[in-house]
Amino acid sequence: MPFDRNVFINCPFDNDYLSLLRPIVFCIYRLGFQPRIASERLDGTEPRIEKILELIEESKYGIHDLSRIKARKAGEMFRLNMPLELGLDIGCKRFKGDDDAQWRSKKCLILETERYRYQAALSDLSNSDIVAHGDDPLEAFTAVRNWLDQEARLDIDGPARLWDQFTDFMADNDDSLIARGFSRRDIDRLPLSTLMRSMEVWVADNPL
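Please read all numbers here as calculations on a predicted model, not as lab measurements. (Residues numbered from 1 in each chain as written. Predicted model: local features only at pLDDT ≥ 70, side-chain atom pairs only at ≥ 80, totals over all residues. Heavy atoms only, no water.)

1. A word on the nonpolar core
For soluble globular proteins, the rule of thumb is that nonpolar side chains tend to be buried together. Ranked by size, the top nonpolar core spans 39 residues in total, and within it Leu 21, Ile 24, Ile 28, Ile 63 and Leu 148 carry the most contacts. Listed by contribution, the elements that provide at least two residues to this core are strand E1 (6–10), helix H1 (18–30), strand E3 (61–65), strand E4 (107–112), helix H5 (137–152), helix H6 (159–179) and helix H8 (192–205). Sort the elements by how many residues they give to this core and H1 lands first, with nine residues. For Ile 63, the residues in contact, after removing those within four places along its chain, are Val 7, Phe 8, Ile 9, Asn 10, Ile 24, Ile 28, Leu 109, Leu 111, Val 144 and Trp 147. Listed in part, the eight residues of the second largest apolar core include Phe 8, Ala 38, Ile 52 and Ile 56. (Core = buried A, V, L, I, M, F, W, Y, C linked by side-chain atoms within 4.5 Å. Buried < 20%, exposed > 50% of the residue type's maximum accessible area, 1.4 Å probe, protein only. Helix = DSSP H or I, 4+ residues; strand = E, 2+ residues; numbered from the N terminus. Contact = heavy atoms within 4.5 Å.)

2. Concerning H6
The end-to-end C-alpha distance of H6 is 30 Å, a good match for the 30 Å that 21 residues give at a rise of 1.5 Å each. The complete set of buried residues in H6 reads Leu 162, Trp 163, Gln 165, Phe 166, Phe 169, Asn 173, Asp 174 and Leu 177. The secondary structure elements touched by the buried residues of H6 are H1, H5, helix H7 (184–188) and H8. Gly 181 lies just past H6 and shows a positive phi near 95 degrees. (Expected span 1.5 Å × (residues − 1).)

3. A closer look at the pairing of E4
Where E3 and E4 come together, five bridges link them in parallel fashion. Of the residues in E4, the one forming a bridge with Asp 65 is Leu 111. Where E4 lies against strand E5 (residues 130–132), three bridges are found, and the strand directions are parallel. Following the sheet pairing, Glu 112 is matched in E5 by Ala 132. (Pairing = 2+ DSSP bridges.)

4. Section: the pairing of E1
With five of its five residues buried, E1 lies for the most part within the structure. Residues Asn 6, Phe 8 and Asn 10 of E1 are buried on one face, and the alternating residues Val 7 and Ile 9, pointing to the opposite face, are buried as well. The pairing of E1 with strand E2 (residues 34–36) spans three bridges and is classified as parallel. Looking across to E2, one finds that Asn 6 is bridged to Gln 34. Regarding topology, H1 serves as the crossover connection from E1 to the parallel E2, and that connection is right-handed. Direction of pairing for E1 relative to E3: parallel, over a ladder of four bridges. (Right-handed = clockwise from strand over helix to strand, strands pointing away.)

Below you can see the structure in the form of structure tokens.
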């Protein structure tokens, strides 16, 4: 996909976040964009930071979820990958954009659980527009839908109808996998890259 259809996703990669990540990825596909995410390819010989820099450079849009930067229990470390990647995306726009209109056009959506919580850790982002999803999948889905609709001037169906299509996909995909011999455990542990391929096919087979 060309630069102006790529959407870089910077988010946690844990089982707790999958309930938000799956609908976010589906929403991006459904609106005609290409999600770009570090787990889209797994090559142990490729330095992860180089892959992330490549994805950022290739994407006009960036979604950055900071909802896991706070430790959730005693002894747990802060998770700083998400703020680092947000900084790289901002830097790409600011410094590469000085010489190239393509990167100057980059757009970012910053997500958090609570609207102002990030300020305690990232005060430099004060006065930035942050969207809170409250760890609710539908809220995260709606935030991505509304942002892309606004920034890309799409004039698309409403969140409720698109969410119904996401649940239709999930049901159809589960039925297909079970028919192919996947257990419930297998489906729950399905690699994101595999799920993304299934989403892409479903969207192509079910045009708006």
